[in-house]
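Understanding the architecture of this molecule
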Amino acid sequence: MASNIPQESTSFVGRRAELRQLSSELTQHRLITLTGPGGVGKTRIAVRAARAAAARFPDGVRWAPLWPLQGDQLLVATVCDAVGLADHSARTPVAALCEWLADKDLLLVLDSCEHLVAACRDLVGDLLTAAPGVTVLVTSRQPLDLVGEGITEIGPLPCTGDNDALALFTERAGAAAPELRLTDPLNAEAAALICRRLEGIPLALELAGAQLAHRPLAQVAERLGSRLDALDGTGMPWTPRHRTLRTAIGWSHELCAPLERLLWARLSVFRGTFDVGSAAAVCADGPLTPDVVRTTLAGLAAKSVVSREGNRFRMLDTLREYGRMWLAELDEATVVADRHAEHFVGFGRRAELGWLGPDQVTWYGRVAESYVDLCTALDHLLGSAPARAQELSAAIGFFWTCCGHLHEARDYLERALAAQDAQGSQDAARTRALWALGVAVLLQGELDTAETLGRECARAAREAGDRDATLAAGYLIGLTHLMAGRPLTAHTVAGQVLGPPPDDPFDSAGRLRCHLVRLFALTSLGRFHEARDVATALRHGCVERGEYWSRSYTDYQLALVSLFQDRPAESAGHARAMLAAKRRIGDNFGIALGLDVLAAAVAAQGDGAVAAQVYGSGQAIWRTVGHPQRGTPELRAVREQCERRARAAIGDEAYATVFGRAAEQNPDVLLARILAGDL
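Since this is a predicted model, take the numbers as computed values, not measurements. (Residues numbered from 1 in each chain as written. Predicted model: local features only at pLDDT ≥ 70, side-chain atom pairs only at ≥ 80, totals over all residues. Heavy atoms only, no water.)

Focus on the overall build of the chain
As a reminder of what qualifies: Comment: elements are numbered from the N terminus, with helices defined as DSSP H or I runs of at least four residues and strands as E runs of at least two. Atoms counted for the radius of gyration: C-alpha only. Globule rule: 2.2 Å times the number of residues to the power 0.38. Accessibility here uses a 1.4 Å probe with only protein chains present; expressed as a share of the type maximum, an area under 20% marks a residue as buried, one over 50% as exposed, and anything in between as partly exposed. The contact criterion used throughout is that any non-hydrogen atoms of two residues lie within 4.5 Å. Surface accessibility in these figures is a Shrake-Rupley result with a 1.4 Å probe; residues are shielded only by whichever protein chains are displayed. Lys and Arg are tallied as positive, Asp and Glu as negative. Neither His nor the chain termini are counted. By convention, charge coordinates are those of NZ in Lys, CZ in Arg, CG in Asp, or CD in Glu.
Helix and strand counts for the chain stand at 32 helices and seven strands. For the chain, the C-alpha radius of gyration of 28 Å lies close to 26 Å, the compact-globule estimate for 679 residues. Principal-axis analysis of the C-alpha atoms gives the chain an extent of 85 × 60 × 45 Å. Looking at the chain residue by residue over its 679 residues, the buried ones come to 57%. Taking all contacts inside the chain whose residues are at least 6 apart in sequence as the whole, residues at least 24 apart take part in 73%. Surface accessibility of the chain: about 26600 Å² in total, with carbon and sulfur atoms responsible for 52%. Each charge class in the chain was averaged separately, 70 positive and 80 negative side chains, and the resulting centres sit 2 Å apart.

What follows is the structure in structure tokens.
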């Protein structure tokens, strides 16, 4: 299992004693919690400690960032994402996670747990019991209070002796004001004074250093001194260090231009990372026009209020908390939350419209990047505008079911449908939501429920005269019949909703999916020549339009047809093409199918060792999906023949060794080799 430790974007200063202590703690305890006030550098220390300890854990280090979460609803889903589990089963997510980690030897880092202490305590307790090889490293402002927890308190950087505080301030000052010479006696004295007044708190030093791009060092020291001498006026019982940090943040806030302060407050509505376009859409109002948002955002980045992560931005928890306080003071919390939610409803509409076309892969990536804020928008809409929640959950449900958020898709769809049904609404959005829910439950293996939802969707579509909804229902019902081993019925259903030929498969997303159902049925029925012709024509259309999801399934069917027609080399080529497409959109279910078919094609060519390796890697992916091996019924014979051929080629013992080793290794490594042409 590969590690996903965050990359560091700035230099790391000091903390040698803390890192030595953590290194020792990680050999003595299975749960270690780094505690300390906000802004003291717990996350940066955890990054360094995890990277240094990675070699001790055969299954790697997995990092789960909890700072974007508003409540504990997405806690387990976030940890599942971190450890590479995209469970498609109907089990509870906690049960699936415990089973997935039971045989792993890894370090799990839960970063920023302070707002979820009770939920994290329960989850970590379950994981430590179920997975004896897992060690958990937590960063939090308070311990989890679990038996056996090792606690390492992180304090500020020292302002005397080695004076790491001054070293950090000097580096950040050099980045903000390269011409400043801190070796000059007066400047050195002012810098040392700033470090002492800020008590060596790293975030406060970062904010002070960023101000040097706009103000002389002496002025920063003077104004900071007067600010710290004054009361902050909140009446809150801050600890001394928390008061110092909060005062430093307040001072940075005062030094921002009025429009920067306004944007800071409005940006606090975002829970995850965000791009410039989303910032402009949500925060533009009054004096903050979209163009002004863009320039003002650059100013906040220069002042270290937001940080850049590629082409996206992030606001640290502590700074977001301050911004949310000011948003409430401005009496804008509700209106900005409404605007945030409405922006993501529009985002969902655009994603749905862009599914069938050259931006399909881009939309899969954008939906993945915006996951936490989409959930935030849905939570808000469920309470304020259930119809909008239904529309948004329907729009993104298909994206989520394909890419590892199946439980969340089902949960939000069920909640949105229930909330809107309570108001007695029966509209097109409800029908689309029923369809998306049906796809989700079908992928969880609940065929009867999926069929019921498909028929309800079809009935609503007929009553409304909604052609697109009729096609969507036909796809769901037909796919359910395919998974149940009824290909002739699936072919009939698809034919009925498509109507007489000729028709344009690319007229709509629903129509294209129904053509795929008919293609799958042709293969299952043994009508291989027809299936090859249909798949080839559909694939050509997908390539012309830059569409990848349907294209991957045409390659999948061509791989199966070629295998059944004794063309194993051709089959392997199509299986590799399928894997390349599925990897681009992050569809583990499709990757697992593709690896199984590729293994069968390689075994049919007589290479038992490579077949065992690919088949074993497929098993590793199937475990992340939570199902033993899924797909239409004819795959059972394909898999059985693959194993027989591979065993016959290299012997049972060699097969078991190669297969077992591959099944326990990181499948991403083998997948990269396959796509690079090495296998």
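From this point, things continue past the structure.
Let's talk about the packing of aromatic side chains
Selection rule: When two rings of Phe, Tyr or Trp (its six-membered ring) have centres within 6.5 Å they constitute a pair, described as stacked for plane angles under 30 degrees, edge-to-face for angles over 60, and tilted for the intermediate range. Counted as over-ring charges are cases with an Arg CZ or a Lys NZ within 6 Å of the ring centre that also lie within 35 degrees of the ring normal.
Overall, the coordinates contain 22 aromatic pairs when judged by the stated rule. Among the aromatic residues, those joined into a cluster by ring pairs are Trp355, Phe398, Trp435, Tyr475, Phe520, Trp549, Tyr553 and Tyr556. Taking the ring centre of tryptophan 100 as reference, the NZ or CZ of lysine 104 above it sits at 3.7 Å. The ring of phenylalanine 398 carries the charged tip of arginine 513 above its face, separated from the ring centre by 4.3 Å.

Comments concerning the sheet that holds strand 5 (residues 149–153)
Let me state the cut-off plainly: A pair of strands is treated as paired once DSSP finds two or more bridges between them. Note on definitions: angles span 0 to 180 degrees between N-to-C directions of axes, and those axes are lines fitted to C-alpha atoms, for helices only across the stretch in contact.
Read across the open sheet, the five strands follow the order 2-3-4-1-5; overall the sheet is parallel. The open sheet terminates on both sides in strands that have one partner only, identified here as strand 2 (61–65) and strand 5. Along the sheet, successive strands turn relative to each other by an average axial angle of 15 degrees, direction set aside. Pairing between strand 1 (residues 31–35) and strand 4 (residues 135–140): five bridges, direction parallel. Of the residues in strand 4, the one forming a bridge with isoleucine 32 is leucine 137. Helix 2 (residues 42–53) contacts strand 1, strand 2, strand 3 (107–111) and strand 4 of the sheet and is inclined by roughly 160 degrees relative to strand 4.

Structural notes on the packing of helix 26 (residues 549–564) against helix 28 (residues 588–604)
Cut-off, in case you're wondering: What sets the label is the angle itself: under 35 degrees gives roughly parallel, over 145 gives roughly antiparallel, 65 to 115 gives roughly perpendicular, and the rest give oblique. The crossing is said to be left-handed when, going from far helix to near helix, the turn is anticlockwise and less than a right angle, and right-handed when the turn is clockwise. Polar here means any residue outside two lists: the nonpolar Ala, Val, Leu, Ile, Met, Phe, Trp, Tyr, Cys and Pro, and the charged Asp, Glu, Lys and Arg; Gly therefore counts as polar.
The geometry of helix 26 relative to helix 28 is characterised by a closest axis approach of 10 Å and an angle of 25 degrees between their N-to-C directions. If you check the angle between helix 26 and helix 28, you find them roughly parallel. Considering the relative orientation of helix 26 and helix 28, their crossing is left-handed. Only Phe589, Gly590, Leu593, Val597, Ala600, Ala601 and Ala604 of helix 28 make contact with helix 26, whose side of the interface consists of Tyr553, Tyr556, Ala559, Leu560 and Leu563. Here the residues of the contact of helix 26 with helix 28 sort into eleven nonpolar, one polar and no charged.

Here we look at the environment of alanine 654
Looking at the secondary structure, you find alanine 654 in helix 31 (residues 652–664). Between the C-alpha atoms of alanine 654 and alanine 612, which are 42 residues apart in sequence, the distance is 9.1 Å.

Here's the deal with empty space enclosed by the protein
Going by this rule: Detection works on a 1 Å grid of protein atoms alone, calling trapped sets that fit a 1.4 Å probe cavities and calling open sets with protein on both sides within 12 Å along at least five of seven lines pockets, with lining residues defined by an atom within 4 Å of a point. Grid points are joined across faces, edges and corners, and a volume is the space filled by probe spheres set on the points.
All chains considered together, the criterion is met by two cavities of 30 Å³ or more. Around the largest cavity sit 22 residues that line it, and Leu443, Tyr475, Leu479, Tyr553 and Phe589 are the ones nearest its centre. Broken down by secondary-structure element, the contributors of at least two residues to the lining of the largest cavity are helix 18 (386–402), helix 20 (428–443), helix 22 (467–483), helix 24 (509–524), helix 26 and helix 28. Top element by residues in the lining of the largest cavity is helix 22. It accounts for four residues. Considered as a void within the structure, the second largest cavity measures approximately 90 Å³ in volume. Lining of the second largest cavity is provided by Ala77, Cys80, Asp81, Leu85, Ala86, Asp87, Pro93, Gly404, His405, Leu406, His407 and Glu408. When contributions to the lining of the second largest cavity are tallied by element, the ones reaching two or more residues are helix 3 (75–83) and helix 19 (406–421). Across the lining of the second largest cavity, the residue classes break down as six nonpolar, three polar and three charged.

Points about the pairing of strand 2
The buried fraction of strand 2 amounts to four of the five residues, a majority that puts the element mostly inside the structure. With five bridges connecting them, strand 2 and strand 3 associate as parallel partners. Across the sheet, tryptophan 63 pairs through a bridge with valine 109, a residue of strand 3.

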